[in-house]
Amino acid sequence: MRDFDLTPLYRSAIGFDRMAGLLDNLTRADQAQPSYPPYNIELTGEDQYRISMAVAGFEDTELSIEVKQGYLTVTGKKAEEKANRTFLHQGIAARNFERRFQLADYVRVVGANMDNGLLHVELVREIPEAMKPRTIQITSTKRNNVRSVDGSLGDSVREARPLDATGTN
């Protein structure tokens, strides 16, 4: 069972509807998505990822990669085969496919290449400077010395002294 009840989240959290909707969509999309072609998602650096898809039998001209509205879509359309061949066994799948991946905020595709029947799609997460954590330096205010009317050096902040019985210092 892979269904989640997000009703409590909707009742008690404000502004998390996008995240809850994303979780709903992911569980639905995962159930409906075919398993072809097989793929791996690997973490190659702190904020770098690689999707590797087994696309044996496809040429790079038969593949397309598109990023639109937070989704990465990889599509394979096999060209019509002109030669009339008779297979005794056909274990290499050469069917058309479309595979979609939901991208997180600030994740972008930086490149793709084919190597030994694998399509590698390189991704990187680039968080804007305004969103990155930063350290705030704490400064202290020091007392400034000022000269009094009589010319003596005194502190700009008057010291607090206890009041006497008459209410004066």
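For the structure itself, consult the block above.
Residues numbered from 1 in each chain as written. Predicted model: local features only at pLDDT ≥ 70, side-chain atom pairs only at ≥ 80, totals over all residues. Heavy atoms only, no water.

Caption draft 1: Quick peek at the sheet that holds strand 6 (residues 107-115). The sheet built from 4 strands is open, its strands ordered 1-2-7-6 with antiparallel pairing. On the outer flanks of this sheet lie strand 1 (39-45) and strand 6, each paired with one strand and no other. Direction aside, neighbouring strands of the sheet carry axes that sit 20 degrees apart on average. In this structure, strand 6 lies alongside strand 7 (residues 118-125), joined through 8 bridges in antiparallel fashion. Considered in strand 7, the bridge of Val-109 is made with Leu-123. (Pairing = 2+ DSSP bridges. Helix = DSSP H or I, 4+ residues; strand = E, 2+ residues; numbered from the N terminus. Axes fitted to C-alpha atoms, helices over the stretch in contact; angles between N-to-C directions.)

Caption draft 2: The arrangement of the packing of aromatic side chains in detail. Within this structure, the stated rule accounts for 3 aromatic pairs. Relative to Phe-101, the ring of Tyr-39 has its centre 5.2 Å away and its plane inclined at 85 degrees; by these criteria the two rings are edge-to-face. Here Phe-101 lies in strand 5 (residues 97-102) and Tyr-39 lies in strand 1, a separation of 62 residues in the sequence. On the accessibility criterion, Tyr-39 (33% relative accessible area) is partly exposed. Given the relative accessible area of 8%, Phe-101 is considered buried. With a centroid separation of 5.4 Å and an interplanar angle of 85 degrees, the aromatic rings of Phe-58 and Phe-97 are classed as edge-to-face. Here Phe-97 lies in strand 5 and Phe-58 lies in the loop between strand 2 (48-54) and strand 3 (63-68), a separation of 39 residues in the sequence. Judged by its relative accessible area of 6%, Phe-58 falls in the buried class. When its relative accessible area of 7% is taken as the criterion, Phe-97 is described as buried. (Phe/Tyr/Trp six-rings, centres within 6.5 Å; stacked < 30°, edge-to-face > 60°. Buried < 20%, exposed > 50% of the residue type's maximum accessible area, 1.4 Å probe, protein only.)

Caption draft 3: Molecular detail of the nonpolar core. Of all hydrophobic cores here, the largest spans 15 residues; its most connected members are Ile-51, Met-53, Val-55, Leu-72, Phe-97 and Leu-119. Looking at this core, the elements with two or more residues in it are strand 2, strand 4 (71-76), strand 5 and strand 7. Here this core gets 3 residues from one element, more than from any other, and that element is strand 7. Among all residues touching Phe-97, those that are not within four sequence positions of it are Tyr-36, Pro-37, Met-53, Val-55, Phe-58, Leu-63, Val-74, Thr-75 and Gly-76. (Core = buried A, V, L, I, M, F, W, Y, C linked by side-chain atoms within 4.5 Å. Contact = heavy atoms within 4.5 Å.)

Caption draft 4: Spatial organisation of the sheet that holds strand 5. Spatially, the 3 strands line up as an open sheet ordered 3-4-5, and their pairing is antiparallel. Both outer strands of the open sheet, strand 3 and strand 5, are each paired with one neighbouring strand and no more. Direction aside, neighbouring strands of the sheet carry axes that sit 15 degrees apart on average. Where strand 3 lies against strand 4, 6 bridges are found, and the strand directions are antiparallel. The residue of strand 4 that forms the bridge with Ile-65 is Val-74.

Caption draft 5: Structural context of the side chain of Ser-52. Among the structural elements, Ser-52 can be located in strand 2. Given the relative accessible area of 7%, Ser-52 is considered buried. One polar contact links Ser-52 to His-120, side chain to side chain, over a distance of 2.8 Å. Once you skip the residues sitting within four places of it in the chain, Ser-52 turns out to touch Pro-38, Tyr-39, Asn-40, Glu-42, Leu-119 and His-120. (Polar contact = N/O pair within 3.5 Å; in protein donor to acceptor, adjacent residues only side chain to side chain.)

Caption draft 6: Representation of the pattern of salt bridges. What the rule picks out here adds up to 6 salt bridges. A salt bridge links Glu-42 to Arg-50, with the shortest nitrogen-to-oxygen separation between them at 3.6 Å. We note a salt bridge from Arg-108 to Glu-126, for which the minimum N-O separation is 2.8 Å. With a gap of 18 residues between them, Arg-108 in strand 6 and Glu-126 in the loop between strand 7 and strand 8 (145-147) connect regions that are remote in the sequence. The class of Arg-108 is partly exposed, set by a relative accessible area of 41%. For Glu-126, a relative accessible area of 40% gives the class partly exposed. (Salt bridge = Lys/Arg side-chain N within 4 Å of Asp/Glu carboxyl O.)

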